[in-house]
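Geometric and topological summary
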Amino acid sequence: MVEKSLQATPEGKKAARDALTDLGITQQQLSTRTGLSLSTISKFFNCKPVDRILFVQICETLKLDWRSISGLYNSEEIAETSEQENQQIEKIDAIVQSIRGSVRSFIHEQCSTMRVLDMTQPIELTGDRGIYTNVNILERLTKHRRLRIEQLLMGSTPEEFDRFGLSGITEKRVLGLEAVKRHSKLMVLGKPGAGKTTFLKYLAMACIESLEFGDRVPIFITLKRFAELDGQPDLRSYIRSIVNAGNNAEIAEQLFNQGKLLVLLDGLDEVREEDTRRTIGHIEQFSRQYPKNQFVMTCRIASKEYTFEKFTEVEVADFDDEQIAIFVLNWFRCKDPDHAEERSTTLIENLNNNEPIKELASNPLLLTLICLECEESLEFPKNRAELYDRGLRVLLTKWDASRRIDRDQVYKKLSLKRKEDLLSQIALTTFTNKDYFIKQRILEGYISDYIRNLPDVATDPEALQVDSEAVLKSIESQHGLLVERAKGIYSFSHLTFQEYFVAREIINRSTFEPLLENVGEKRWREIGLLTVNMLPNADDLVIAMKTNIDGLVNSEKEIQIFLTWVRHRAIEFCRDRFNEDMKEMLARAFYISRELAINLEIDHSFRFDLIFSHNFSETSEWKFDSFSETFRLDWNLYSSYTVAWLNMSLGAGYPPPLNFDDVLVDDIFDRDFYVSGSELEQRVMKFENELLELQNQLPSWQDEQFAEKWQLNRECWAEKLREIMRTYRNIGHDWQFTNEQKALLKQYYDANELLFDCLNSDCYVSRDVRQEIEETLLLPISEIEKRKRK
């Protein structure tokens, strides 16, 4: 008969102490590693009887032979013990498989599907058409990082700050499954909609389908439901009822003692306040009494105001690009398996071309909303503000309501509108101050300033401070709209939401000054688009934007001369019979963008590209090839020079292309130059000859020394090309702008691009106002004033 307890011999005790020293840990740390109480560890090292299972567990952790430590070294005793143990193992395995069979239907019912938001039907979680996407885990909580705001900005200025940088310094990620395997007791924390419940459901399904943890019985428990059960059973009794072992306490105890459970506890933050203490007590008692079982518990990250001593805390990481792509593909496999690859590729491309929306896709719940909104057309709503509004409604109201969660009392005093008003005021104040990261005390001050004016709120400083702290924690835990990025430093969860709330506050205050004062700044671009789209009538705003934009360069004489040249060049361009229907405004956009690209020496991002013409071609169904030969030649000349400059700046070892045929050149002069036949012929021939001569100066790809030759001659070659452009096409001038003027011109062009995009969005602008702005976009002030006088 196998003894129920074992104790160390004096020799075993010495070996155990030596092993402890070799590992470099204390008895307290050994207690943490094993998940056993310190008193049990103390008994072991004092040669007192310890439960056999726990004794073996301690020895295995110390990498010792438990038989040697306990004195069971007699070969006959060992053989007899091994045989009995094998029989015991076989018996336990049979019990486990039997119980797994009995809970299988329960696990499938609870965990095999998911249904959130406005889904018309549940979708499969696992399998060939399963939606589940692997979860990544941060083993170090972001809120525990002791970083300064400068470190979170990662060396950039507020003007240059990347909208994807709000997560700050990236922590090391591990697969969620790996984290579960590493730690026997895991507390998984995360923002609302981060995928915590889905992760637990996946673990349950992987276990019951023997993909992982096939030797354990999965127990999935929604803690809110458990806490509100009639009779308030303890966790031990409740689990017994799940495994159908209520009438056989011995079987249940064997299961518990042998550590054969995978206990999945979902949503500690969802438990009512009055039930929290009791529920925590049950969890602590059961996990302490049966430490060999595997425990995984989830909770919203800001809701955790208690510590489970034996649980390791980790955080669910935001989705990265790869996870987003996998999720979208899985989504369409569920919805339209025959076209899943094609449809998912299209949606991902649209996401990559829309940074503010892609930013939201890092949250699984919001990514689900995006898939729901776009699964038919694969396109985003033209009015992005509507999509953001739906996303905020999900986080502010529908998510908790759909899960029947009743939150704390302090925050209840704020209606939905008041919550939005509070967040809008914070957003405008912080964004205007260029604060993407806000210290907690400052943020609580903003909250205090707002709630002090509400009815039934105590106004003495101490009470206001307490309430402000509670409101901040509620916003973080319930909606995830404000997030603690480092110790005592917060930000909006997504810059997209901060921008949306700024636009909302601008409209609420009925003043456009914050936007107009910053209309030329890149970081205000999205706010401008949102504000225009959220207004019932945007006439006043777009007129004011146009006035402010023109005012940026009104007093700059050199810039006005440049804009006059742009106007005349556009008129010549549109005089071409191929371009009769093309708006001069689009031609102005083309020439100003390419001239600035050369004079500002734009890097490989090609910031000044044919954005305006691209937008126009989309609306009019024009294609690049259908533009006139005038356009094609000028485009090729600009592109060849720009590529040459890029090669110089990047040190690339290849020459730019030159593709100008005789017909193209001849056709251009026939359109643009009104001279006699002999002069035309001579000019065309000279242009062709100079282009051909320049082309011949390019090193051949077959030349073994082509890179070296290109490096040696590229600067001279590029300058010759620019001289040809000036002489024969009146483009590529050296405008000699100062650095200040270059910066101003870039700001001016960006602001006009914003205004154009506003007019081509889903905003409501009267026809007359729209026409007036389009006709005077990018014109010199003298021409604008002349048109006003007519």
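Residues numbered from 1 in each chain as written. Predicted model: local features only at pLDDT ≥ 70, side-chain atom pairs only at ≥ 80, totals over all residues. Heavy atoms only, no water.

**Things to note about the packing of aromatic side chains**
- In this structure the tally under the stated criterion is 26 aromatic pairs.
- Seen from their ring centres, Tyr-500 and Phe-501 are 5.8 Å apart, and the 75° between their planes marks the pair as edge-to-face.
- Under the relative-accessibility criterion, Tyr-500 is labelled buried at 6%.
- Seen in terms of ring centroids, Phe-562 and Phe-737 are 5.5 Å apart; in terms of plane orientation they differ by 85°. Their pairing is edge-to-face. Of this pair, Phe-562 sits in helix H27 (residues 557-575) while Phe-737 sits in the loop between helix H33 (706-729) and helix H34 (739-759), and the two are 175 residues apart along the sequence. Assigned by exposure class, Phe-562 and Phe-737 land together as buried. (Phe/Tyr/Trp six-rings, centres within 6.5 Å; stacked < 30°, edge-to-face > 60°. Buried < 20%, exposed > 50% of the residue type's maximum accessible area, 1.4 Å probe, protein only. Helix = DSSP H or I, 4+ residues; strand = E, 2+ residues; numbered from the N terminus.)

**With respect to the pairing of strand E9 (residues 261-266)**
- The element E9 is extensively covered by neighbouring structure, given that six of its six residues are classed as buried.
- Note: strand E8 (residues 217-222) against E9, six bridges, orientation parallel. By the bridge assignment, Phe-220 is partnered in E9 with Leu-264.
- Of the pairings in the sheet, the one linking E9 to strand E10 (residues 294-300) comprises four bridges and is parallel in character. In the sheet register, Val-263 faces E10, and the bridge partner there is Phe-295.
- Taken together, E9, helix H13 (residues 273-289) and E10 form a β-α-β motif whose crossover is right-handed. (Pairing = 2+ DSSP bridges. Right-handed = clockwise from strand over helix to strand, strands pointing away.)

**Some words on the confidence of the model for the chain**
- Looking at the chain, the pLDDT average stands at 83 and 83% of residues meet or exceed 70.
- Scored below 50 in pLDDT, residues 603-627 shows 52 contacts in the model against residues more than four places distant or in partner chains. (pLDDT = per-residue confidence, 0-100. Contact = heavy atoms within 4.5 Å.)

**A closer look at the environment of Leu-563**
- Relative to the helices and strands, Leu-563 resides in helix H27.
- The contact partners of Leu-563, leaving out residues within four places of it in the chain, are Val-553, Ile-592, Tyr-748, Leu-778, Leu-779 and Pro-780.

**Quick notes on helix H25 (residues 525-534)**
- For H25, the tally of buried residues reaches eight of 10 residues, placing the bulk of the element in the interior.
- Every buried residue belonging to H25 is among Glu-526, Ile-527, Gly-528, Leu-529, Leu-530, Thr-531, Val-532 and Asn-533, and all of these are buried.

**Some words on the sheet that holds strand E14 (residues 489-492)**
- Taken together, the three strands give an open sheet; going across it, the order is E12-E14-E13, and neighbouring strands pair in antiparallel fashion. Two strands in the sheet have a free side with no partner beyond their single neighbour: strand E12 (438-439) and strand E13 (482-486).
- Pairing geometry for E13 and E14, over four bridges, is antiparallel. Along E14, the bridge assignment pairs Ala-486 with Ile-489.

**Considering helix H4 (residues 52-61)**
- Summarising burial for H4: eight of the 10 residues are buried, a large majority.
- Residues of H4 that are buried: Arg-52, Ile-53, Leu-54, Phe-55, Val-56, Gln-57, Ile-58 and Cys-59.
- The residue sitting at the N-terminus of H4 and contributing the capping side-chain oxygen is Asp-51; that oxygen lies 3.0 Å from the backbone nitrogen of Ile-53.
- Where H4 terminates, the next one or two residues include Lys-63, which has phi positive at roughly 60°. (Polar contact = N/O pair within 3.5 Å; in protein donor to acceptor, adjacent residues only side chain to side chain.)

**Some thoughts on the environment of Arg-333**
- For Arg-333, the position within the fold is in helix H14 (residues 321-335).
- For the pair Arg-333 and Arg-129, spaced 204 residues apart in the sequence, the C-alpha separation amounts to 5.7 Å.
- The residues touching Arg-333, leaving out its near neighbours within four places in the chain, are Asp-128, Arg-129, Ala-340 and Glu-341.

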